[in-house]
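Here's the letter readout for the chains.
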Amino acid sequence: MVCVALGCEPSAGLDAGSDAPPSEDAFVRDAPLDTRADAGCTGRPGELVGERSIDRGDLPLLSWTGLDGEVALLDHHGPCAPAGRVIVLRQLAAWSGHSLWHAAHTADVVAMDDVVVIDLWAADEDAMPMRPASLHAELARYDAPPTALASDPDEQLGALAIAGIQLPIIVVVDARTLHVERTLFDPRAGDLPHSIRVVQAHLRGEPEPRRPEPELVDGRFTLDRWDLVQQLGAPFVPPPSPSNAYADDPAAATLGEHLFEDTTLSPAGVSCRTCHQPSRAFTDGLSLGRGVEEVTRNTPTVIGASAARWQFWDGRADTLWAQAAGPFENAREMGSSRLFVAHRVADTYRADYEAIFGPLPSLEDAVRFPPAGMPGEAAWEAMSAEDRDAVTRVFVNVAKAIEAYERTIVPVPGRLEAYASGSYDALTPGERDGLQAFVSVGCTQCHWGPLLSNGAFFAVDMPGVGEGEAGDRGRIAALAPLTSSELRAQGPYSDDRSLVDPLAGLTMLPERTLGAFRTPTLRGLSQSGPYGHAGTFASLHDVTVHYAHIRMPHTRDPRVVGTLDPHLLGFEDFRIDAVTRFLELL
Ligand code: HEC
Ligand code: HEC
């Protein structure tokens with residue numbers, strides 16, 4: 001019987017305290033030791049005995065869209081196959097750090113005798129339903145390709161799981177009967193070959209093989225978990241920014257730094273640095289940002305922003321330069337406008353600007369170029385199209401210079417990096433316990449890599465500003481402003497529009513993006529409170545308690561919007577202090 005039939009609860013973290021030696025995966029759900037294993041040869045492939053019901057662990061005849069056409073479970077059905085031939089179905093998501101580890105370590109599994117591996121990608125790196133066209137990109141993640149690869153946007157194996165299950169879901173199926181022999185949820189990856197061998201031995205009527213002694217790093221991390229730790233400590237390198245030809249121009253970065261801190265670019269005397277203060281990890285210490293007025297979201301750090309595929313909590317900008325243009329023309333933040341900024345640049349930065357971007361337009365004629373104005377305002381709309389374009393170009397170049405500066409704001413390697421490179425004493429035992437708990441309760445599903453972020457969008461029940469209908473809808477509301485903006489990677493002010501449009505094929509966002517926000521980086525965390533997209537958590541302890549109790553019945557905060565992501569599990573109270581201690585290190 002599989003879990004669905006038993007209605008068993010997820011027991012997150014049952015195995016979390018010690019990563020090893022694992023007695024047996026806590027996430028293993030055993031199918032009954034089935035008597036039909038010797039049902040023998042039923043005849044031709046595709047002929048299956050009896051009625052099929054997923055409750056009894058008989059997989060329906062599922063099929064998926066693969067790289068080259070249909071991938072069907074039936075294609076691998078071998079009624080007369082030797083006992084022990086198994087199909088290993090893995091449901092993965094490209095946003096999940098643990099799924100990526102499994103994909104990158106597929107060689108061990110495909111090399112096993114009598115094992116067919118079918119990988120089903122449910123979602124892409126942005127947590128959007130996986131499109132077959134995107135599968136090619138996933139292939140690059142493998143050390144050895146699986147037997148078959150397909151997209152599974154409907155998460156068909158989800159029926160075998162329950163809410164609150166960690167990815168990947170792995171289902172081991174007898175190829176002769178298509179009967180589920182075992183279901184595992186995020187097994188310690190190094191254990192997967194062993195778990196498969198146990199099933200094979202059972203099907204062959206052989207004694208259960210002994211679990212190999214796992215190799216441990218620092219006496220606590222299995223090799224797969226250690227890989228995740230090493231990725232957290234990996235050096236950070238900003239990816240190229242092809243839509244900005246000046247992104248890596250040092251002169252542009254120097255100019256950008258001046259622009260970032262210049263309060264005269266706003267009539268209200270607000271600069272980027274008013275809210276993004278270097279001494280506070282480029283945040284402001286407030287729940288909600290405050291410029292001309294208070295805004296409705298918490299000020300995020302700028303550290304590592306150069307690597308984000310989407311900017312802002314809801315991803316309503318797709319380049320860092322387009323992001324930088326936003327605050328100037330936001331009435332609550334800087335209360336400025338592109339005309340105002342262009343005039344200030346001509347007054348203050350003419351030589352530096354022209355050395356990088358070429359001649360400024362002549363802005364002297366106050367009738368053609370009023371002192372202030374932006375799209376939607378009468379003064380702006382009265383200008384000729386060419387003059388508007390000339391001013392917008394100056395404005396965009398200001399934003400591109402700021403991006404060049406922001407690309408230099410990167411995480412500073414600290415004790416975590418020292419630990420990950422093998423200096424175990426760099427962390428106190430308490431911090432190491434915390435790191436271990438952080439990985440094993442599944443935080444690294446989303447907070448992975450050198451920024452501790454997957455850059456994708458999830459609803460994690462953190463309160464926003466406004467209640468009910470007036471609540472903050474997050475990601476789902478961000479597509480319209482993004483597609484209608486001329487300031488984006490595919491717009492007229494991009495320096496390379498040959499790029500694949502990140503918005504291609506996106507006409508609407510799925511319901512699960514309601515109340516979803518981008519996984520923030522955890523860099524600079526100890527200095528960047530309060531936390532959450534509306535700064536409703538005063539301390540890291542409060543955030544950890546939120547995650548620990550996330551599945552407990554509680555009165556829902558009326559400011560929470562959307563449906564909690566199914567991949568969050570909660571964990572036991574005794575881990576709260578350890579996880580908090582790790583977060584405080586960042
Ligand atoms: C009034 C305070 C304030 C000012 C001034 C301000 N910001 Fe921000 N910044 C914020 C807030 C709040 C957000 C998040 C807004 C949202 O997601 O809707 C943000 C988001 C960002 C982000 C995105 C980070 C991420 O993780 O998504 C970057 C980068 C950034 N600001 C840079 C700048 C630059 C450059 C300037 C100056 C041109 C600037 N900010 C001016 C408050 C401010
Ligand atoms: C399914 C993805 C996911 C998982 C798993 C996850 N997080 Fe998050 N995390 C997010 C998202 C999304 C946000 C922003 C949510 C918001 O503000 O609405 C966030 C926000 C945070 C913040 C606030 C950061 C800031 O600058 O405001 C902290 C701290 C944090 N998470 C820690 C953790 C810890 C610890 C765990 C494990 C117990 C964890 N997260 C698991 C996605 C995830």
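Our structure's up above, just so we're on the same page.
Below, the structure is looked at part by part. Just so we're clear, the structure is a prediction, and the values are computed from it rather than from any experiment. (Residues numbered from 1 in each chain as written. Chains lettered and ligands numbered in written order. Predicted model: local features only at pLDDT ≥ 70, side-chain atom pairs only at ≥ 80, totals over all residues. Heavy atoms only, no water.)

Let us look at the overall build of the protein. When you go through the protein residue by residue, the secondary structure sums to 18 helices and 12 strands. Relative to the globule expectation of 25 Å for 586 residues, the C-alpha radius of gyration of the protein, 27 Å, shows essentially globular dimensions. The principal-axis extent of the C-alpha atoms belonging to the protein is close to 90 × 50 × 45 Å. A burial count over the protein gives 56% of its 586 residues as buried. Of the contacts made within the protein by residues no fewer than 6 positions apart, 73% connect residues no fewer than 24 positions apart. (Helix = DSSP H or I, 4+ residues; strand = E, 2+ residues; numbered from the N terminus. Rg over C-alpha atoms; globule rule 2.2 N^0.38 Å. Buried < 20%, exposed > 50% of the residue type's maximum accessible area, 1.4 Å probe, protein only. Contact = heavy atoms within 4.5 Å.)

With that settled, consider the coordination of the iron atom of ligand 2. Distances from the iron atom of ligand 2 to its protein donors, His-447 (NE2) and Tyr-547 (OH), fall at 2.0 to 2.1 Å. Given a relative accessible area of 23%, Tyr-547 falls into the partly exposed group. (Donors = N, O, S within 2.8 Å, 3.2 Å for Na, K, Ca; no water.)

Exactly one protein atom donates to the iron atom of ligand 1; that atom is His-276 (NE2), 2.1 Å from the metal. Considering the arrangement of structural elements, one finds His-276 in the loop between helix H8 (272–275) and helix H9 (320–328).

Residues Ile-87, Leu-89, Trp-95, Leu-435, Phe-582 and Leu-583 are the most contacted members of the largest nonpolar core, which totals 68 residues. Counting 48 residues, the second-largest nonpolar core is a separate cluster that includes Ala-324, Ala-346, Tyr-353 and Tyr-493. (Core = buried A, V, L, I, M, F, W, Y, C linked by side-chain atoms within 4.5 Å.)

With that settled, consider the side chain of Asp-191. With respect to the secondary-structure elements, Asp-191 resides in the loop between strand S8 (179–185) and helix H5 (192–204). On the accessibility criterion, Asp-191 (9% relative accessible area) is buried. Here Arg-211 takes part through its side chain, which lies 2.4 Å from a polar atom of the side chain of Asp-191. (Polar contact = N/O pair within 3.5 Å; in protein donor to acceptor, adjacent residues only side chain to side chain.)

Moving on, we come to the site of ligand 1. Around ligand 1, a shell composed of 28 residues is seen, among which Cys-272, Cys-275, His-276, Phe-312 and Arg-316 lie nearest. In this structure, a nitrogen atom belonging to ligand 1 sits 2.8 Å away from a side-chain N or O atom of His-276. Here the element with the most residues in the shell around ligand 1 is H9; it accounts for 5 residues. Considered class by class, the residues forming the shell around ligand 1 number 14 nonpolar, 8 polar and 6 charged. (Near = heavy atom within 4 Å. Nonpolar A, V, L, I, M, F, W, Y, C, P; charged D, E, K, R; others polar.)

Let us look at the environment of Trp-121. Relative to the helices and strands, Trp-121 resides in strand S5 (residues 115–123). Judged by relative accessible area, Trp-121 falls into the buried class, the value being 0%. It is 5.5 Å that separates the C-alpha atoms of Trp-121 and Asp-152, two residues lying 31 residues apart in sequence. Within the structure, Trp-121 has its side chain in polar contact with the side chain of Tyr-142 (distance 3.0 Å).

Surrounding ligand 2, one finds 26 residues, the nearest of these being Cys-443, Cys-446, His-447, His-533 and Tyr-547. With respect to ligand 2, the side chain of His-447 contributes an N or O atom lying 2.8 Å from a nitrogen atom. Put simply, the parts of the chain that give the shell around ligand 2 at least two residues each are strand S12 (517–518), helix H17 (540–548) and helix H18 (576–584). Looking at the shell around ligand 2 element by element, the count peaks at 3 residues for H17. Of the residues assigned to the shell around ligand 2, the class counts are 20 nonpolar, 5 polar and 1 charged.

Examined bridge by bridge, strand S2 (residues 63–66) and strand S3 (residues 69–72) share 4 bridges and lie antiparallel to one another. Looking across to S3, one finds that Thr-65 is bridged to Glu-70. Counting the residues that bridge the hairpin from S2 to S3 gives 2 residues. (Pairing = 2+ DSSP bridges.)

What follows concerns unusual backbone geometry. Note the cis peptide between Leu-167 and Pro-168, where omega equals -5°. Relative to the assigned elements, Pro-168 resides in the loop between strand S6 (148–151) and strand S7 (169–174). The peptide bond linking Gly-529 to Pro-530 adopts the cis configuration, its omega dihedral lying at -10°. Along the chain, Pro-530 turns up in the loop between S12 and H17. Positive phi, normally seen in glycine, also occurs at Asp-114, with a value near 60°. Here Asp-114 falls in the partly exposed class, since its relative accessible area comes to 24%. In the Ramachandran plot, Asp-461 falls in the positive-phi region, its phi being about 60° despite a non-glycine side chain. Checked against the element boundaries, Asp-461 lands in the loop between strand S11 (457–458) and helix H16 (479–484). Judged by its relative accessible area of 14%, Asp-461 falls in the buried class.

Further remarks concern the side chain of His-343. Position of His-343 relative to the elements: it lies in helix H10 (residues 338–348). Given the relative accessible area of 15%, His-343 is considered buried. In this view, His-343 contacts Leu-363, Phe-369, Pro-370 and Pro-371; residues no more than four positions away in its chain are not counted.

We now examine the pairing of S2. Only one face of S2 is covered, namely the face carrying Trp-64 and Gly-66; the face carrying Ser-63 and Thr-65 is uncovered. One ladder, built from 2 bridges, connects S2 with S6; its direction is antiparallel. Bridge pairing in S6 links Gly-66 to Ala-150.

Helix length check: helix H7 (residues 250–261) (12 residues) gives 17 Å between terminal C-alpha atoms against 16 Å at 1.5 Å per residue, within 8%. Those residues of H7 not exposed but buried are Ala-252, Ala-253, Leu-255, Gly-256, Leu-259 and Phe-260. Buried residues in H7, looked at end-on, bunch into an arc of 165°, giving them a common side. Looking at the buried positions of H7, the neighbouring elements they touch are H8, H10, helix H11 (350–357) and helix H13 (385–406). (Expected span 1.5 Å × (residues − 1). Arc of directions from axis to C-beta.)

Working note: α-helix, 3.6 residues per turn, so residues spaced by three or four point in the same direction. Judged by how many residues are buried, H9 sits mostly within the fold: 8 of 9 residues are covered. Those residues of H9 that fall on the buried side of the exposure criterion are Leu-320, Trp-321, Ala-322, Gln-323, Ala-324, Ala-325, Pro-327 and Phe-328. Turning to H9, the residues buried within the fold contact H10 and H13.

Before going further, it helps to spend a moment on the pattern of salt bridges. Once their charged atoms are close, side chains differing in charge can pair, the charge on each being opposite to the other. As enumerated under the stated definition, the model contains 33 salt bridges in all. For Arg-220, the salt bridge is made with Asp-433, and the minimal N-O distance between the two is 2.8 Å. Of this pair, Arg-220 sits in the loop between strand S9 (216–217) and strand S10 (221–222) while Asp-433 sits in helix H15 (residues 429–440), and the two are 213 residues apart along the sequence. Assessed through its relative accessible area of 37%, Asp-433 is described here as partly exposed. Residue Arg-559 is joined to Asp-557 by a salt bridge in which the shortest nitrogen-to-oxygen separation is 2.8 Å. Its relative accessible area of 29% is what places Arg-559 among the partly exposed residues. Judged by its relative accessible area of 24%, Asp-557 falls in the partly exposed class. Beyond isolated ion pairs, a larger network of salt bridges with shared partners links Asp-218, Arg-220, Asp-425, Arg-432 and Asp-433. (Salt bridge = Lys/Arg side-chain N within 4 Å of Asp/Glu carboxyl O.)

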